[in-house]
Amino acid sequence: MPFTIAIDGPAASGKGTISRAISAHFGFRHLDTGLLYRAIGAMGGDPIAAARALVPQDLDRPDLRTAEAGQAASRVAVIPEVRAALVDFQRRFALEEPGAVLDGRDIGSVICPDARVKLYVIASDEVRAARRAAELGADPAQMLIELQERDRRDSERAAAPLRPAPDAVMLDTSALTIDQAVERAIAEVARARG
Ligand code: DC
């Protein structure tokens, strides 16, 4: 059984950076599952049809990292049929050797409930807004509004809402440097690998 690592948390919590670092460190494959929803949102048209027809190349679109793409992703992500259409794609990715890191909102709770490591990465709203603003060259106050709106939608939806799996390890990155956060995450994985 390949080793699966689930990393969930709200937008700009640091989960993407941690996931990339862990996958590089352990030689695992990495899937940023937010890109699936971003690609579907960016395609326009019927999101359910787009989800059913999604192919890996759709994740290479150059316009998926913008704040607008994030909002569009969060809107299509409330649709249960969209989520259902993406389950197999994500589980297949998780099951290929040598092991995988998947990051998103519902990986530990729904997609990979048997993941060997589950991290739930958080940071204060202000820290997350400042990080995202620096990344996108945007205004932190505007980013704060945007992130809080997205968190609310992601947490309040009926289908697979954003919340930690009961057995997830919480990692608060508010006061940590990237290196410190990555170090703690690597230590968790190393502990689980024995
Ligand atoms: O991680 P991200 O910011 O790229 O995610 C964009 C949106 O996609 C997020 O606001 C909610 C949705 N999403 C989701 O519902 N489930 C996931 N596993 C990943 C993302």
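Residues numbered from 1 in each chain as written. Predicted model: local features only at pLDDT ≥ 70, side-chain atom pairs only at ≥ 80, totals over all residues. Heavy atoms only, no water.

1. As for the site of the ligand
Surveying the vicinity of the ligand reveals 15 residues, the closest of which are R38, R83, R150, D154 and R157. R38 places a polar side-chain atom, nitrogen or oxygen, 2.6 Å from an oxygen atom of the ligand. Between D106 and the ligand, the recorded distance is 3.0 Å, taken from a side-chain N or O atom to a nitrogen atom. Protein coverage of the free-state accessible area of the ligand, which is 440 Å², stands at 97%. Listing elements by their share of the shell around the ligand, those giving two or more residues are helix 2 (34-43), helix 4 (67-76) and helix 8 (140-156). Here the element with the most residues in the shell around the ligand is helix 2; it accounts for 3 residues. Classifying every residue of the shell around the ligand by side-chain character gives 3 nonpolar, 4 polar and 8 charged. (Near = heavy atom within 4 Å. Polar contact = N/O pair within 3.5 Å; in protein donor to acceptor, adjacent residues only side chain to side chain. Areas by Shrake-Rupley, 256 points an atom, 1.4 Å probe, with all protein chains shown as cover. Helix = DSSP H or I, 4+ residues; strand = E, 2+ residues; numbered from the N terminus. Nonpolar A, V, L, I, M, F, W, Y, C, P; charged D, E, K, R; others polar.)

2. Concerning the packing of helix 2 against helix 4
Pairs of packed helices are described in terms of their axes, by the angle between the two and the distance that separates them. Packing of helix 2 against helix 4 leaves a shortest axis separation of 7 Å and a crossing angle of 95°. The pairing of helix 2 with helix 4 is recorded here as roughly perpendicular in orientation. Here Y37, R38, I40 and G41 of helix 2 come into contact with helix 4, specifically with A69, G70, A72, A73 and V76. When the residues that make up the contact of helix 2 with helix 4 are grouped by side-chain class, the tally is 6 nonpolar, 2 polar and 1 charged. (Axes fitted to C-alpha atoms, helices over the stretch in contact; angles between N-to-C directions. Parallel < 35°, antiparallel > 145°, perpendicular 65-115°, else oblique. Contact = heavy atoms within 4.5 Å.)

3. Quick word on the nonpolar core
In terms of nonpolar packing, the biggest core is built from 27 residues, with I40, L59, L86 and L102 touching the most fellow members. Secondary structure elements with two or more residues in this core: helix 2, helix 3 (47-52), helix 4, helix 5 (80-95), strand 3 (99-104) and helix 6 (107-111). Tallying contributions element by element places helix 5 first for this core, with 6 residues. For L59, the residues in contact, after removing those within four places along its chain, are L31, L35, L36, A39, L54, L64 and F89. (Core = buried A, V, L, I, M, F, W, Y, C linked by side-chain atoms within 4.5 Å. Buried < 20%, exposed > 50% of the residue type's maximum accessible area, 1.4 Å probe, protein only.)

4. Concerning the sheet that holds strand 5 (residues 169-172)
If you trace the 5 strands from one edge of the open sheet to the other, you get 2-3-1-4-5, paired in parallel fashion. Since the sheet does not close on itself, it has two edges, and those belong to strand 2 (29-32) and strand 5, each with one partner. Across the sheet, the mean angle separating the axes of adjacent strands is 20° when strand polarity is ignored. Relative to strand 3, strand 2 runs parallel, the two sharing 4 bridges. Paired with L31 across the bridge in strand 3 is L102. Along the sheet, helix 5 contacts strand 1 (3-8), strand 2 and strand 3; its crossing angle with strand 3, the most-contacted strand, is approximately 145°. (Pairing = 2+ DSSP bridges.)

5. With respect to the packing of aromatic side chains
Going through the model one piece at a time under the given rule, you end up with 2 aromatic pairs. On the basis of an interplanar angle of 35° and a centroid distance of 5.9 Å, the ring pair of F3 and F28 is categorised as tilted. Of this pair, F3 sits in strand 1 while F28 is found in the loop between helix 1 (15-26) and strand 2, placing the two residues 25 residues apart along the sequence. For F3, a relative accessible area of 8% corresponds to the buried category. (Phe/Tyr/Trp six-rings, centres within 6.5 Å; stacked < 30°, edge-to-face > 60°.)

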